[in-house]
Amino acid sequence: MRIGLLNIGDELLLGKTLNTNAFDLAGWLGELGHELVFTLAIEDREDVIAGVLRDVMAGVAGIGALPRCEKLLLTGGLGPTRDDLTRGAVAGFLDVPLEYNSEAEGWLAERLGVKPEAISESQRQQLYVPRGTLPLRNPAGSACGFSFELNGVSLFAFPGVPSEFRAMFDLHCRPSWQRGDAVLMRKRIFTFGLAESRQRELLRGFATPEPFRFSSLPSESGVAIALEAFVANAEVETQKVLLESAWKELLSLLPAESIVDLGGATLPQTVFHLLRERDATVSVAESCTAGAVGYLLTEIPGSSQTFKQGYLTYANEAKTLLLGVKEDLLKSRGAVSEAVALAMANGCREAANTDYAVAITGIAGPEGGTPEKPVGLVYIAVCSQKGAEVRRFQFRGDRKSIRWSSAYAALNQLRLFIINDLRKV
Ligand code: ATP
């Protein structure tokens, strides 16, 4: 199916709100095997909303600039405030009046736990729908949505609040949008520490078999590599054999250490599982990531079994007081140094009494760099009872990117350290 998306809201055009609804929908449709043919963010203005709806219909008739779609989702502008104009704009476009909907009133009364008479006047504004359209229950909020068919297109108006948009999509679209004729076949892993240029070289001889598609998506959390395709039900068994053998070949071409987990788990999931399997605990001492490593290590439910504590030691005195890093060492080597990273990790492990400890010290910038110690220089140390290891990194990018890259690199270093630690006697 071909789907179009209209996101309504000035805040999206003024750079105040990130259009996560467009991002989320693209992901859901990809999983469902449908095509998002356009997304358009527009102002909160009745004439603009109605004008774009006319353009969509022109696209359906093959005479407009917008691609033809079979379903159109509208998000935003359904609330009770003055700038919520979607209901009125759609009613104007359809040339019908807005009508109060008593079914929607019942849903809201139930949600609020009050009698219908007790619903406030401003809340009631959200219970109007254009005449002839179908009111849609909102399981996550108070504004009701609505849907209707026009010229072969199904239109759905949903609230803009991302949690409400998701809940409405899950209730009113997802179940009937499941494809019965095909399934998504996918293999995916995350790699870490393997530059994309190197990956390209390693996979030069690899031919992606039809109908599968190869994708490589880099981010601070690693590079997601996948082979995927929607496959007709009747062909699943045959394609399974093809996919398995292609995937095996692809994995054999990548360095084993760069593969975070053969089953496709993310870095935080993998580290959590490695620690759980060993019944091991970890602590962190962070100096340029302000808790980001602790955040990632506690992302998985149940991580309080593995994560004991963290120290945010920015000042030299804090490194000395909490981690026992010697003042002399800080003076002679500087806080951003290999020796201090190691001392922080060892001190952290001792103070927190954990099996593993991770320490980070670096310069996230934009100020504070010198020719010897430029912005982006980060030392990461990991230790256990069996020993310690420190690595030097030179990250690029802005402060945010340097901090997240450092935090993920620390997780990866811990992952490799735990795996290699086992091999030591
Ligand atoms: P409400 O009932 O809350 O008024 P609504 O349908 O009227 O819902 P809006 O008023 O347009 O929605 O937006 C409500 C909130 O959702 C705002 O914080 C807005 O920034 C956010 N929001 C709206 N559209 C999007 C979008 N496309 N992506 C992410 N957030 C959005």
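Residues numbered from 1 in each chain as written. Predicted model: local features only at pLDDT ≥ 70, side-chain atom pairs only at ≥ 80, totals over all residues. Heavy atoms only, no water.

K.L.:
Can you break down the domain arrangement of the protein residue by residue, with the values?
P.N.:
The domain boundaries assigned to the protein delineate domain 1 (2-177), domain 2 (182-258) and domain 3 (267-423). In this structure, domain 2 and domain 3 have C-alpha centres spaced 32 Å apart. Across the contact, 5 residues belong to domain 2 and 10 residues belong to domain 3. For the domain 2 face of the interface with domain 3, the top three residues by lost area are Phe-192, Glu-220 and Glu-257, together amounting to 81%. Applying the counting rule to domain 2 against domain 3 returns 0 salt bridges. At the junction of domain 2 and domain 3, the tally comes to 1 residue pair in polar contact (both at pLDDT 80 or more). The residue inventory of the side of domain 2 that touches domain 3, partitioned by class, reads 1 nonpolar, 2 polar and 2 charged. (Domains from an automatic or database assignment. Contact = heavy atoms within 4.5 Å. Buried area = accessible area lost by both parts, 1.4 Å probe. Salt bridge = Lys/Arg side-chain N within 4 Å of Asp/Glu carboxyl O. Polar contact = N/O pair within 3.5 Å; in protein donor to acceptor, adjacent residues only side chain to side chain. Nonpolar A, V, L, I, M, F, W, Y, C, P; charged D, E, K, R; others polar.)

K.L.:
Tell me what's going on with the packing of aromatic side chains, and back it up with residues and numbers.
P.N.:
All chains considered together, the criterion is met by 12 aromatic pairs. For the pair Phe-393 and Phe-395, a centre-to-centre distance of 5.3 Å together with 5° between the ring planes defines the contact as stacked. Judged by its relative accessible area of 15%, Phe-395 is buried. Geometrically, the ring pair formed by Trp-404 and Tyr-408 is tilted, given 6.2 Å between the ring centres and 40° between the ring planes. With Trp-404 and Tyr-408 both in helix H16 (residues 399-423) and 4 residues apart, the pair spans about one turn of that helix. (Phe/Tyr/Trp six-rings, centres within 6.5 Å; stacked < 30°, edge-to-face > 60°. Buried < 20%, exposed > 50% of the residue type's maximum accessible area, 1.4 Å probe, protein only. Helix = DSSP H or I, 4+ residues; strand = E, 2+ residues; numbered from the N terminus.)

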